Structures are given as C-alpha cells and as structure tokens.
Amino acid sequence: MYDFDELNAFATVMTTGSLTRSAQSMGLAKSTLSRRISQLETRLNQPLLRRQANRLIPTEAGLLFHTYCRELLALAANSQEALAELKEDISGQLTLKVHASLTRSWASAVINDFVHQHPHIELTLQTLEALPTSPDSHCVHIWLGELSECGLHQEPVGELKRGLYSSPDYRDASTLPSHPNELDQYAWVDLLGTTQEGLSLCHRDGETLSFQPPRSRLRVDLALLHMDAIARGQGIGVLPHWLVQQRERHHPGELIACLPEWAPPPLPITLLYAYGHQPRRVHALLDFLRASTPTEWNK
C-alpha cells in the first residue's frame, strides 16, 4: 500500500529537480522530504532519484514509476472530490439551453418544478438557436433535429413525429390535396428553409416518395410563428404532432391534418452535455429532464 505523502514528495521533486525548492513549495523541512523519498524507495526496493551536479534526476525506475505516481495522485484527488460532493446539497449555478421549439411548450414548466424541488439551485434557461460549439461543464443543452459532432456527449431522449397540416380556412378556400404529387399546386409555408432542398414522405403502407415543395412566399424562423402562419390560412406545412397537440389545448380546431397517411421523418430530441465527471447539480438536472420527457416523445 502506497503512502500518498511519499508519492506527493516524489512527484514534486520530479517537477522541480531540487529537494530545496520542493521542500519550500510543500512547506516541509528538507530532511522530512528527503526521508519520505527514501521511505518510498525502500518500499519499492528501487532507487528512484540520483544526484547529478546540483540537480536530482530520475533513474530508469524513477521515470517508469513517475507515470503511475501521477495516476495514483490524480485518482486520489478525484475520489476525494466525489466523496466531498456526497456531503453537499445540490446547489450552485446551472444553465439549461433548450431548442426554441421546446422552450415554452415543455421546458419552462419542467424547470419551474426542478427549481422548486432544489431550492439552493440558481438556474438560467435560455433559448438554443444553434448547436453549441464548445463544452461547458455546468451547461446542459436540448436539441431538436439532426446532429453533427459538436464535442459534447449526445444522449437521445425521444423524437417528434411530424405530419402535414393546414387550417380549416385554407381547406374551405381550396380543396386539400389527395396525394403528395398535388402539393406543388398549393401554397407552402416553410420553417426557415428546412424543406426547400426536398422532403421525404413515407406512406403508412411503406411507400416512400421525394417531394420538392414549391417556393414558400412566407418563411419564418420559429416553430411558434410557423404554426401561427399555417393556422391563419397561409398554406400547408410540416409540423410536429406533439407541438400541434399542445396548441390545440388552447386553440382547438385551428389546425387540421393534411394527407394524414403520409409522414416526413421524425425529428430526434437529444440531451447534450460535457464528457467526463459532472457536478451533482448537473447529474440532478439530467436525471430530472430524463424523467420529465413526455411519453409521446417515445411512442
């Protein structure tokens, strides 16, 4: 069994190359530091250091053992930090960044519950409009849509199935299409160019086709504005069923399904957070978010 005082003494001397400077930096007597290194060499039955001029340089055994010494010290530090966290309340500052489509429809209510459950947490909720480009150990992200590599751990938590929607007013003014091949004859409402490069549609019986939407006369950059435009009779567009259901609770009858037997690919929902050890407050937030995802996201 290693003595960590001896390991720390050896690691410090390996850094400075001097007993005097090492003793000063550690606040020890030079004789105490020398004794600890001698005890470590006796324990290992190997000389670790030898004097050359005014410096201590490692032997071959010292070079080899130094790697393991640093790993042991790092492991000890990590274990002490982890144990210390067990004594602490879940407290401190957190930031949660949520895709704009899910912020008001889901995250705001969830976060109110989380803050109520953990009174020592200070949480900032922000709208996430673009993928993060750098990791932040105290920040959690929720993204809706396809992902590329962004340097964060990506944990799938569900998906939003989608369909084509219009409004009763638009249906009354123009008979709705009976097949996707007819869609190019209708006004199209686009969410910031998301369908302008083409849209894949799959029939419930398995048939698939590619649809090239007509140029949209109205383009918006928020899901809420997108639904508003469709509900006000501007045309046909792609909407997630779950978001439509949330709107229907407050504004029933404003949106109707168009070609309900055809569906675009679902949008994945992903938790993003830094790799490695996380503080307790981040673990608490991640667990809370996982437990708070609607069942409809996993159907």
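Residues numbered from 1 in each chain as written. Predicted model: local features only at pLDDT ≥ 70, side-chain atom pairs only at ≥ 80, totals over all residues. Heavy atoms only, no water.

## Some words on the overall build of the protein chain
Tallying secondary structure elements over the protein chain gives nine helices and 15 strands in all. Against the 2.2 N^0.38 benchmark of 19 Å for 299 residues, the protein chain shows a C-alpha radius of gyration of 30 Å, more extended than a compact globule. Overall size of the protein chain, expressed as C-alpha extent along the three principal axes, is 95 × 40 × 30 Å. Within the protein chain, residue pairs in contact and separated by at least 24 positions form 73% of the contacts whose partners lie at least 6 positions apart. (Helix = DSSP H or I, 4+ residues; strand = E, 2+ residues; numbered from the N terminus. Rg over C-alpha atoms; globule rule 2.2 N^0.38 Å. Contact = heavy atoms within 4.5 Å.)

## A closer look at the pairing of strand β12 (residues 237–240)
The alternating pattern of β12 places Gly 237 and Leu 239 and Val 238 and Pro 240 on opposite faces, both of which are buried. In terms of strand pairing, strand β7 (residues 162–166) meets β12 through four bridges, oriented antiparallel. From the neighbouring strand, Tyr 165 faces β12, where its bridge partner is Gly 237. (Buried < 20%, exposed > 50% of the residue type's maximum accessible area, 1.4 Å probe, protein only. Pairing = 2+ DSSP bridges.)

## Examining the pattern of salt bridges
In total, this model carries seven salt bridges according to the counting rule given. Residue Asp 172 pairs with Arg 171 through a salt bridge whose shortest N-O separation is 3.4 Å. For Asp 172, a relative accessible area of 58% gives the class exposed. Here Arg 290 ties to Asp 287 by a salt bridge, and the two come within 2.7 Å at their closest N and O atoms. Here Arg 290 pairs with Asp 287, and both are found in helix α9 (residues 280–291), just three residues apart, close to one helical turn. Here Asp 287 falls in the partly exposed class, since its relative accessible area comes to 45%. One network of salt bridges, in which partners are shared, links Glu 155, Asp 287 and Arg 290. (Salt bridge = Lys/Arg side-chain N within 4 Å of Asp/Glu carboxyl O.)

## Remarks on empty space enclosed by the protein
Tallied over the entire structure, the rule returns one cavity of 30 Å³ or more. Of the volumes computed, that of the largest cavity is approximately 40 Å³. Along the walls of the largest cavity sit Trp 106, Ile 142, Val 157, Leu 271, Leu 289, Arg 290, Thr 293 and Trp 297, which together make up its complete lining. Split into classes, the residues belonging to the lining of the largest cavity amount to six nonpolar, one polar and one charged. (1 Å grid on protein atoms, 1.4 Å probe; cavity = no way out; pocket = protein on both sides within 12 Å on 5 of 7 lines; lining within 4 Å. Points joined across faces, edges and corners; volume = space filled by probe spheres on them. Nonpolar A, V, L, I, M, F, W, Y, C, P; charged D, E, K, R; others polar.)

## Brief notes about the nonpolar core
By size, the foremost hydrophobic cluster in this structure holds 39 residues, and its most contacted members are Leu 102, Ile 142 and Leu 289. Those elements giving two or more residues to this core turn out to be β3 (92–99), α5 (100–117), β5 (139–144), β6 (153–160), α7 (223–231), α8 (241–250), β15 (267–273) and α9. (Core = buried A, V, L, I, M, F, W, Y, C linked by side-chain atoms within 4.5 Å.)

## A short note on the state of the cysteines
Considering all chains together, one arrives at zero disulfides under this definition. Free of any disulfide, Cys 139 has its nearest neighbouring cysteine sulfur in Cys 150, separated by 11 Å. We classify Cys 139 as buried; its relative accessible area is 4%. (Disulfide = S-S within 2.5 Å.)

## A look at the sheet that holds β3
Taking strand neighbours across the sheet as the criterion, the five strands line up as β4-β3-β5-β15-β6 in an open arrangement whose pairing is mixed. Of all the strands in the sheet, the pair left with one neighbour each is β4 (121–128) and β6. Across the sheet, the mean angle separating the axes of adjacent strands is 20 degrees when strand polarity is ignored. Summarising the sheet, β3 and β5 pair through four bridges and their orientation is parallel. Its bridge partner lying in β5, Val 98 is registered against Ile 142. (Axes fitted to C-alpha atoms, helices over the stretch in contact; angles between N-to-C directions.)

## A few points about the side chain of Asp 190
Within the element layout of this structure, Asp 190 appears in strand β8 (residues 189–191). With no salt bridge to any partner, buried Asp 190 finds its closest opposite charge in Arg 219, at an N-O distance of 5.9 Å. A polar contact is formed between the side chain of Asp 190 and the side chain of Thr 195, at a distance of 2.7 Å. Here Asp 190 is in contact with Thr 195, Gln 196, Ser 216, Leu 218, Arg 219, Val 220 and His 226, once residues within four sequence places are set aside. (Lys, Arg positive; Asp, Glu negative; His and termini not counted. Polar contact = N/O pair within 3.5 Å; in protein donor to acceptor, adjacent residues only side chain to side chain.)

Geometric descriptors of this kind do not, in isolation, establish any biological role.
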